[in-house]
There are 2 protein chains.
Amino acid sequence: MNAETIPMDKNVEEMLRSHRLKRTSARIEILSLLLESSHTISYNDISEELGDNFDKSTVYRTLNSFEEKGIIHAVNDGSGGIKYAVTKQESEDAHVHFKCDSCEQTYCLPDTKIPRVHAPDGFIINRSSLLINGTCKYCS
Amino acid sequence: MNAETIPMDKNVEEMLRSHRLKRTSARIEILSLLLESSHTISYNDISEELGDNFDKSTVYRTLNSFEEKGIIHAVNDGSGGIKYAVTKQESEDAHVHFKCDSCEQTYCLPDTKIPRVHAPDGFIINRSSLLINGTCKYCS
DNA sequence: AATATAAATGCTACCAAATTGCATTAATAA
DNA sequence: TTATTAATGCAATTTGGTAGCATTTATATT
Ligand SMILES: [Mn+2]
Ligand SMILES: [Mn+2]
Ligand SMILES: [Zn+2]
Ligand SMILES: [Zn+2]
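Here we summarise the structure given alongside this text. These figures come from a predicted structure and were not determined experimentally.

1. Let's talk about the protein's contact with DNA strand C
The environment of DNA strand C is made up of 22 residues, and the closest members are A:Thr24, A:Arg27, A:Thr58, B:Tyr60 and B:Ile82. Among the atoms of DNA strand C lying within 4 Å of the protein, the sugar-phosphate backbone contributes 64%. Here a sugar or linking oxygen of DNA strand C and a side-chain polar atom of A:Lys22 are 3.1 Å apart. Contacts to DNA strand C include A:Ser57, whose side-chain N or O atom sits 3.1 Å from a base nitrogen. For the surface near DNA strand C, the elements supplying multiple residues, two or more each, are helix 2 (25-36) and helix 4 (56-69) of chain A together with helix 4 (56-69) of chain B. No other element matches the five residues that helix 4 of chain B contributes to the surface near DNA strand C. Among the residues forming the surface near DNA strand C, the class breakdown is four nonpolar, 10 polar and eight charged.

See the structure below:
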């Protein structure tokens, strides 16, 4: 009775319930995708994977409500579109994101924290985001 | 005979000449704007400042060729559009960018270098970009 | 189980940022 | 001065994302 025997759907529906989000098929399928993915995913990734089962605006609205609830976080990797990944407890503090120049995937590095820098006098720091470009471990 | 007595246009035209770019009025005006600005500027900033003297595609193409030559660098501050700033010699190594939550301007911090982080095994780092959000010194 | 209600969905139309093809114009070299 | 080549303007197009509104669905209540 390890974690993998727990059906994914139960996890997903429980997550939605605990955030007071109605369990619609769009939300269940999109959140499942996000949970299964090892890297950040975009609207286009979702749309390809789900084969246009849901309207564009539904997908975007779903992503936005997940983000508002803190279930996922947005990653801007300079690709022109926003990507998302589920927010795991351990990675709540600001972590680094890594974009592979070869496979174009962007990964969360939850164990790599963003170092504090000290800005010039008068500049007050609220939050920061660090994007690293390079070659990921699957491409090197 | 200090630096400020040198007419800007001479600087600009010399910069263009040294990069083998034809000295067109679009390039001269756009590069002048970039050189005068204390913060990064977007296509819209340029378009407002220049009062639609130049076509959108001309402005974008101008920015792209400046970037290719290394005269300017692009900054992605999550605002939806790309911003640019001239690349000064001293700031060639990767420096931090600062986006003010109040005035919405984004600044280069040429003296604030991006700290090296060590990525997990197998990830090879090529370059990195660090964006800080907060309150700038003119707004605090 | 039937129903009420509020929220989510699917359209369609729209917006903003940026790019492209192509004919015309301007900068530079000869 | 002319030839060559690059830059420009224009209109159309692409891409990522949002908004209004009628319809449908999930959930709570009876
Ligand atoms: Mn992440
Ligand atoms: Mn900069
Ligand atoms: Zn890779
Ligand atoms: Zn400010």
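2. Overview of the relation of the copies chain A and chain B
If you rotate chain A by 179° and push it 0.0 Å along the axis, it lands on chain B with an RMSD of 0.1 Å. Expressed as an axis order, the relation between the two copies is that of a two-fold axis. For chain A, the smallest separation between a C-alpha atom and the rotation axis is recorded for A:Leu130, amounting to 2.2 Å. A symmetric contact is evident, with 100% of the interface residues of chain A recurring at the interface of chain B.

3. Remarks on the coordination of the manganese ion (ligand 2)
Residue and element names in this part refer to chain B. The protein atoms that coordinate the manganese ion (ligand 2) are His73 (NE2), His95 (NE2), His97 (NE2) and Cys108 (SG), at distances of 2.0 to 2.2 Å. Sequence positions of the residues that donate to the manganese ion (ligand 2) give the spacing H-x21-H-x1-H-x10-C. With His95 in strand 4 (residues 95-100) and Cys108 in strand 5 (residues 106-113), this pair connects stretches of sequence that are 13 residues apart. By relative accessible area, which is 7% here, His95 ends up buried. Overall, Cys108 belongs to the partly exposed group, its relative accessible area being 23%.

The rules behind the values
- Residues numbered from 1 in each chain as written.
- Chains lettered and ligands numbered in written order.
- Predicted model: local features only at pLDDT ≥ 70, side-chain atom pairs only at ≥ 80, totals over all residues.
- Heavy atoms only, no water.
- Near = heavy atom within 4 Å.
- Polar contact = N/O pair within 3.5 Å; in protein donor to acceptor, adjacent residues only side chain to side chain.
- Helix = DSSP H or I, 4+ residues; strand = E, 2+ residues; numbered from the N terminus.
- Nonpolar A, V, L, I, M, F, W, Y, C, P; charged D, E, K, R; others polar.
- Least-squares fit on C-alpha atoms with pLDDT ≥ 70 in both.
- Contact = heavy atoms within 4.5 Å.
- Donors = N, O, S within 2.8 Å, 3.2 Å for Na, K, Ca; no water.
- Buried < 20%, exposed > 50% of the residue type's maximum accessible area, 1.4 Å probe, protein only.

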